[in-house]
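The residues making up each chain are set out below.
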Amino acid sequence: MTEQPLIVIPVKAFGLAKSRLGNTLSPDHRSALAQRLCQRTLHFFARHFPEHDRLVVTASPAIGRLAQAHGAMVLEEAAADGLSQAADRAAEWARRRGYSAQLLVPADIVQLDEGEIRRLLETLDAAPCAVICPASDGGTNALLTSPPDALPFRFGPRSAEAHRETALRLGLSCQVLELTHLRFDLDTPADLDTLDTLIRHHGGETPQELKTLWKLCTTPTGMMPWPAWPTTH
Ligand SMILES: Nc1nc2c(ncn2[C@@H]2O[C@H](COP(=O)(O)OP(=O)(O)OP(=O)(O)O)[C@@H](O)[C@H]2O)c(=O)[nH]1
Ligand SMILES: O=C(O)[C@H](O)COP(=O)(O)O
């Protein structure tokens with residue numbers, strides 16, 4: 001049995017991602033944004049949580065190669081059937097391979113914070129249990145389950161409440177953990193406004209990564225900056 005939770009990162013093909021920004025950003029911008037968010041998520045977990053195995057679930061061979069370059073394992077899906085299907089598939093994979101728990105984190109969190117993720121991992125209770133971190137729109141931005149397939153995943157609108165109800169119905173020990181940074185994912189034009197506000201609030205102290213995300217959304221595509229990104233082996 002592997003005691004350290006498996007970190008699961010589901011990733012849809014970049015060309016299909018961020019459709020809710022379709023009226024605001026061009027397809028090239030959305031794809032570049034999804035790619036950047038994914039790269040930094042892979043880099044973050046490789047750098048700060050090397051003691052945890054990482055698994056990327058994807059239907060895209062290119063994303064699979066990117067994941068491997070960052071030291072993650074890859075679970076292929078035939079097509080992007082939805083986040084819940086990808087999560088169920090990962091959970092079954094994790095259980096069969098002897099992981100005691102899994103932490104699912106989507107690849108579109110604006111500010112990943114090491115302290116928050118450690119706090120979340122420390123919340124892990126005796127199995128069977130679930131820890132749910134809500135998104136600002138009622139979605140679920142992190143979900144820790146022990147065993148990995150302790151519940152059937154219910155991603156979609158208001159999924160934090162759906163996951164809580166499901167966990168309680170199944171008799172799991174269940175916690176809802178509100179984490180300030182983890183609440184913010186980049187889905188809608190309103191989220192872009194929040195990013196803009198955050199950058200203005202930081203002023204001269206704005207973290208480079210936030211500026212890079214903003215540039216990716218606002219620079220004409222032909223001139224899109226591609227900062228070099230270190231891979232982790
Ligand atoms: N493997 C896999 N990952 C998915 C799928 N759908 C969404 N994801 C991933 O789940 C995370 C959260 O995605 P969402 O916010 O639901 O979807 P999105 O593509 O980013 O944005 P929308 O197209 O606007 O819904 C991101 O990391 C996505 O890449 C899927 O069908 N399969
Ligand atoms: O809960 C969910 O379905 C995922 O986190 C996506 O939801 P959101 O992207 O709308 O927050």
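Cut-off values and rules
- As a convention, each chain's residues are numbered from 1 in the sequence order in which they are written.
- Working convention: letters from A go to chains and numbers from 1 go to ligands, in the order in which they are written.
- Residue-level local features of this predicted model are given only where pLDDT is at least 70; pairs of side-chain atoms are given and counted only at 80 or more, and the full residue set underlies all totals for whole chains, interfaces and linings.
- The side-chain values count all of the structure's non-hydrogen atoms but skip hydrogen atoms and water molecules.
- Only DSSP runs of H or I covering at least 4 residues are called helices, and only runs of E covering at least 2 are called strands; the numbering of each starts at the N terminus.
- Computation of the radius of gyration draws on C-alpha atoms alone. For the globule rule, the value is 2.2 Å times the number of residues to the power 0.38.
- Buried means the residue's accessible area, taken with a 1.4 Å probe over protein chains only, is under 20% of the maximum for its type, while exposed means over 50%, and partly exposed covers the values in between.
- Working rule for contacts: check all heavy atoms of both residues, and any pair within 4.5 Å makes them a contact.
- The method behind every accessible area is Shrake-Rupley, applied with a 1.4 Å probe, and residues are considered shielded solely by the protein chains displayed.
- Positive charge is attributed to Lys and Arg, negative charge to Asp and Glu, and no charge count is given to His or to the chain ends.
- One atom stands in for each charge, and that atom is NZ of Lys, CZ of Arg, CG of Asp or CD of Glu.
- A cutoff of 4 Å decides nearness: a residue is near a molecule or strand if any of its heavy atoms lies inside that distance of it.
- Definition of a polar contact: a pair of N or O atoms within 3.5 Å, with one able to donate and the other able to accept a hydrogen when the atoms are protein atoms, and with sequence-neighbouring residues admitted only if both atoms are side-chain atoms.
- Points on a 1 Å grid over protein atoms alone make up a cavity when a 1.4 Å probe fits among them but cannot get out, and a pocket when they form an open set with protein on both sides within 12 Å along at least five of seven lines; lining residues each have an atom within 4 Å of a point.
- A molecule is counted as occupying a cavity or pocket when more than half of its atoms fall within 2 Å of that pocket's grid points.
- Nonpolar core, defined: a set of buried Ala, Val, Leu, Ile, Met, Phe, Trp, Tyr and Cys residues in which side-chain atoms within 4.5 Å join the residues together.
- The directions considered for the arc run from the helix axis to the C-beta atoms.
- Grid points are joined across faces, edges and corners, and a volume is the space filled by probe spheres set on the points.
- Under the grouping applied here, Gly and all other residues not named as nonpolar or charged are polar, the nonpolar ones being Ala, Val, Leu, Ile, Met, Phe, Trp, Tyr, Cys and Pro and the charged ones Asp, Glu, Lys and Arg.

Asker: In this structure, what is going on with the overall build of the protein chain? I would like to understand it.
Answerer: The number of helices and strands found in the protein chain is seven helices and seven strands. For the protein chain, the succession of helices and strands along the chain, N to C, is β-α-β-α-β-α-β-α-β-β-α-β-α-α. Against the compact-globule benchmark of 17 Å for 233 residues, the protein chain has a radius of gyration of 17 Å, which places it among compact chains. Here the C-alpha coordinates of the protein chain stretch approximately 50 × 35 × 30 Å along the principal axes. Taking all 233 residues of the protein chain together, 51% fall into the buried category. Sequence separation of 24 or more characterises 64% of the internal contacts of the protein chain that already satisfy a separation of 6 or more. As displayed, the protein chain has an accessible area near 10,700 Å², and 51% of this comes from carbon and sulfur atoms. The centroid of the 23 positive side-chain charges in the protein chain is displaced by 3 Å from the centroid of its 27 negative side-chain charges.

Asker: What's the story with the site of ligand 2 in this structure? I'm lost.
Answerer: Around ligand 2 lies a shell formed by R20, L83, A135, D137, G139, T140, N141, F155, G156, S159, D185 and D187. Within the side chain of D137, one N or O atom sits 2.8 Å away from an oxygen atom of ligand 2. Here G156 contributes a backbone N or O atom positioned 2.7 Å from an oxygen atom of ligand 2. The fraction of the free accessible surface of ligand 2 (300 Å²) that becomes covered by protein chains is 88%. Mapping ligand 2 onto the cavity grids shows that it belongs to the largest pocket.

Asker: Honestly, the site of ligand 1 in this entry has me stumped. Any pointers?
Answerer: As a structural note, the neighbourhood of ligand 1 is formed by 18 residues, with K12, K18, S19, E77 and G82 the closest of them. At a separation of 3.4 Å, a nitrogen atom of ligand 1 approaches a polar backbone atom of V11. Here ligand 1 loses 89% of its free accessible area of 610 Å² to cover by the protein chains. For ligand 1, the cavity whose grid points lie within 2 Å of the majority of its atoms is the largest pocket.

Asker: Please clarify how the nonpolar core should be interpreted in this entry.
Answerer: A general feature of soluble globular proteins is that nonpolar side chains tend to end up buried together. One finds L103, L120 and L182 to be the most contacted residues of the largest nonpolar core, which totals 31 residues. Put simply, the parts of the chain that give this core at least two residues each are β1 (6-10), α1 (27-48), α2 (61-69), α4 (114-122), β5 (129-134) and β6 (140-146). Looking at this core, the element that brings in the most residues is α1, giving five residues. When neighbours within four sequence positions are excluded, L182 is seen to be in contact with I109, L112, E116, I117, L120, C133, P134, N141 and A142. By size, the runner-up hydrophobic cluster in this structure holds 23 residues, among which are L55, Y99, I132 and F153.

Asker: Hey, could you run me through helix α5 (residues 159-169) in this one?
Answerer: Two residues of an α-helix separated by three or four positions point the same way, owing to the 3.6 residues in each turn. Burial in α5 covers these residues: S159, A160, H163, T166 and A167. An end-on view of α5 places all buried positions within 130° of arc, on one side of the element. In this fold, the buried residues of α5 make contact with β5, β6 and β7 (173-176). With its phi angle positive at about 80°, G171 sits one or two positions after the end of α5.

Asker: Would you take a moment to explain the layout of surface pockets for this structure?
Answerer: Gaps left between atoms are located by rolling a probe of water-molecule size over the structure's atoms. One number sums up the size of the largest pocket: a volume of about 780 Å³. Lining the largest pocket are 32 residues, and of these K18, R20, L83, D108 and D187 lie nearest its centre. Secondary structure elements with two or more residues in the lining of the largest pocket: α1, α3 (83-96) and β6. When the residues that make up the lining of the largest pocket are grouped by side-chain class, the tally is 15 nonpolar, seven polar and ten charged. There is about 340 Å³ of room inside the second largest pocket.

Asker: Would you take a moment to explain the side chain of N141 for this structure?
Answerer: Mapped onto the elements of the fold, N141 is located in strand β6. By relative accessible area, which is 1% here, N141 ends up buried. Among the polar contacts made by the side chain of N141, one reaches the main-chain carbonyl oxygen of L182 at a distance of 2.9 Å. Setting aside its immediate chain neighbours within four residues, N141 contacts L104, V105, P106, I109, C133, P134, A135, L182, R183, F184 and D185.

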